[in-house]
Amino acid sequence: MNQLDALKQLTTVVADTGDFHQIAAYSPRDATTNPSLILKAVQKPEYAHLLQDAVSKYGAQGKDEVMNRLLVAFGIEILKHVPGRVSTEVDARLSFDTEATVTRARRIIDLYQGEGVHVDRILIKIASTWEGIQAAARLERDGIHTNLTLLFSFCQAVACGQAKVQLISPFVGRIYDWYKKQAGASWDEAAMAGANDPGVKSVQAIYNFYKKHGIATEVMGASFRNVGQITALAGCDLLTISPDLLAQLAASEAPLALALNAEAAKTMDIPFVQYDEAGFRFALNEDAMATEKLSEGIRAFVADTIKLEAMMR
């Protein structure tokens, strides 16, 4: 049995790509997209027609509507290749606007439903700002499920659990990147690998807190830099993995052990915490890594959204 098949016995595997032609080769249950992945995909000849179709049919309605239609078009194609859900992201420029995020999310869901896609097959991706989390709480109450992304800190995860969001995507690789850059020449790759990887440790802490306290929100590790980060999180609810790393897992027959265990977490001494808005903002501010990576991530997604809009001519 290869590592990918072994991983699927412990964890729900999700494809992190907008390239739906690659998805079928790895048989994931779900798939995730973001503006960067969609931008990368539409620059390939085999996907360019999706952008052209959206512009030709809906260009007169403005860029927001063209973008919504493009994202939904990709989502519909992806759902032909996975049995579960696809995550579709709200414009990152709305990350600090609860009302606008709710409105955009509902429009995306309306478009999917207009194409015959059931609401339970869609996760609306929203940045894990305070405003985004509050938008997600409202959407969840209305039966629209959410995936809170750009999550780097424990306080973000706690607030998402309080909001009863469906799923969170803690970013393993970007946490790793930050600590490696901070350490500079003193970084010891071998010593900081596997369970000692700072991104892996972040997900472990969140997973164990959720399981200890019966929080139903799903944990989906994301943004991986290497296979070691993935195997160190075997047993996590879900892991969303790029096609390159899926291929590496499929090519390996190295043994894979359970790393995260819900039953073991229930026995751990982990205090329960909650955050109001002021407490959340202070805790996030105290975490330099999370503050920097959240801001950086929003800026990057905004930049790629603007690049996509520039192609809508």
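In this text, all values refer to a predicted model and were calculated from it rather than measured experimentally.

Re the overall build of the chain
Right, on to step 1. Of regular secondary structure, the chain possesses 15 helices and eight strands.
Right, on to step 2. Taken over C-alpha atoms, the radius of gyration comes to 19 Å for the chain, in line with the 20 Å a tight globule of 313 residues would show.
Right, on to step 3. The principal-axis extents of the C-alpha atoms in the chain amount to approximately 55 × 50 × 40 Å.
Right, on to step 4. Considering the chain as a whole, with its 313 residues, one finds that 55% of them fall into the buried category.
Right, on to step 5. Look at the contacts in the chain between residues 6 or more apart in sequence, and 68% of them connect residues 24 or more apart.
Right, on to step 6. For the chain, the computed accessible surface area is about 13200 Å², with 51% contributed by carbon and sulfur atoms.
Right, on to step 7. Separation between the mean location of the 31 positive side-chain charges and that of the 37 negative ones in the chain comes to 2 Å.

Brief notes about the pairing of strand β1 (residues 12–16)
Right, on to step 1. Of all five residues that make up β1, four are buried, and the element is covered over most of its length.
Right, on to step 2. Note: β1 against strand β8 (residues 238–241), four bridges, orientation parallel. Looking at the pairing, Val-13 lines up with Leu-239 of β8.

Observations regarding the sheet that holds β1
Right, on to step 1. Read around the barrel, eight strands follow the order β1-β2-β3-β4-β5-β6-β7-β8 and close on themselves; strand pairing throughout is parallel. In this sheet, neighbouring strand axes are inclined to one another by 30° on average, regardless of whether the strands run parallel or antiparallel.
Right, on to step 2. In this sheet, strand β2 (residues 30–32) lies alongside β1 in parallel orientation, the contact comprising three bridges. Of the residues in β2, the one forming a bridge with Val-14 is Asp-30.
Right, on to step 3. Helix-sheet contacts for helix α5 (residues 63–79) involve β2, β3 (86–89) and β4 (122–127), and the interaxial angle to β3 is about 170°.
Right, on to step 4. Packing against the sheet, helix α6 (residues 98–114) makes contact with β3 and β4, and its axis sits at approximately 160° to β4.

Quick look at the environment of Ala-288
Right, on to step 1. Here Ala-288 lies in helix α15 (residues 288–310).
Right, on to step 2. Considering only alpha carbons, one finds Ala-288 and Ala-25, 263 residues apart in sequence, at a separation of 39 Å.

Notes on the packing of helix α8 (residues 154–162) against helix α10 (residues 198–212)
Right, on to step 1. With their axes 10 Å apart at the nearest point, α8 and α10 run at an angle of 30° to one another. Taken together, the axis directions place α8 and α10 in an arrangement best described as roughly parallel. Classified by chirality, the crossing of α10 by α8 is right-handed. Between α8, through Phe-154, Ala-157, Val-158, Cys-160 and Gly-161, and α10, the contact on the second element is made entirely by Ala-205, Ile-206, Phe-209 and Tyr-210.
Right, on to step 2. Split into classes, the residues belonging to the contact of α8 with α10 amount to eight nonpolar, one polar and no charged.

Regarding α8
Right, on to step 1. The buried fraction of α8 amounts to seven of the nine residues, a majority that puts the element mostly inside the structure.
Right, on to step 2. Listed in full, the buried residues belonging to α8 are Cys-155, Gln-156, Ala-157, Val-158, Ala-159, Cys-160 and Gly-161.
Right, on to step 3. Among the structural elements, α7 (130–141), β5 (146–151), β6 (167–170), α10, α14 (277–286) and α15 are those in contact with the buried residues of α8.
Right, on to step 4. Taken from the residues just after α8, Lys-164 is the one with a positive phi, measuring 60°.

Some words on the packing of α7 against α14
Right, on to step 1. In the contact formed by α7 and α14, the axes pass within 11 Å of each other and the chain directions differ by 135°. Here α14 runs oblique to α7, going by the angle between their axes. Every residue of α14 that contacts α7 at Trp-130, Glu-131 and Ile-133 is listed here: Glu-277, Phe-280 and Arg-281.
Right, on to step 2. Looking at the contact of α7 with α14 residue by residue, the class counts come to three nonpolar, no polar and three charged.

Details of the nonpolar core
Within soluble globular proteins, side chains that are nonpolar generally end up buried alongside one another.
Right, on to step 1. Counting 100 residues, the largest nonpolar core has Leu-70, Phe-74, Ile-124, Ile-168, Tyr-210, Leu-233 and Ile-241 as its most contacted members.
Right, on to step 2. With nine residues, α5 is the single largest residue contributor to this core.
Right, on to step 3. The residues touching Ile-124, leaving out its near neighbours within four places in the chain, are Thr-88, Val-90, Ala-105, Ile-108, Ile-109, Ile-144, His-145, Thr-146 and Asn-147.

Parameters at a glance
- Residues numbered from 1 in each chain as written.
- Predicted model: local features only at pLDDT ≥ 70, side-chain atom pairs only at ≥ 80, totals over all residues.
- Heavy atoms only, no water.
- Helix = DSSP H or I, 4+ residues; strand = E, 2+ residues; numbered from the N terminus.
- Rg over C-alpha atoms; globule rule 2.2 N^0.38 Å.
- Buried < 20%, exposed > 50% of the residue type's maximum accessible area, 1.4 Å probe, protein only.
- Contact = heavy atoms within 4.5 Å.
- Areas by Shrake-Rupley, 256 points an atom, 1.4 Å probe, with all protein chains shown as cover.
- Lys, Arg positive; Asp, Glu negative; His and termini not counted.
- Charge placed at Lys NZ, Arg CZ, Asp CG, Glu CD.
- Pairing = 2+ DSSP bridges.
- Axes fitted to C-alpha atoms, helices over the stretch in contact; angles between N-to-C directions.
- Parallel < 35°, antiparallel > 145°, perpendicular 65-115°, else oblique.
- Left-handed = near helix turned anticlockwise from the far one by under 90°.
- Nonpolar A, V, L, I, M, F, W, Y, C, P; charged D, E, K, R; others polar.
- Core = buried A, V, L, I, M, F, W, Y, C linked by side-chain atoms within 4.5 Å.

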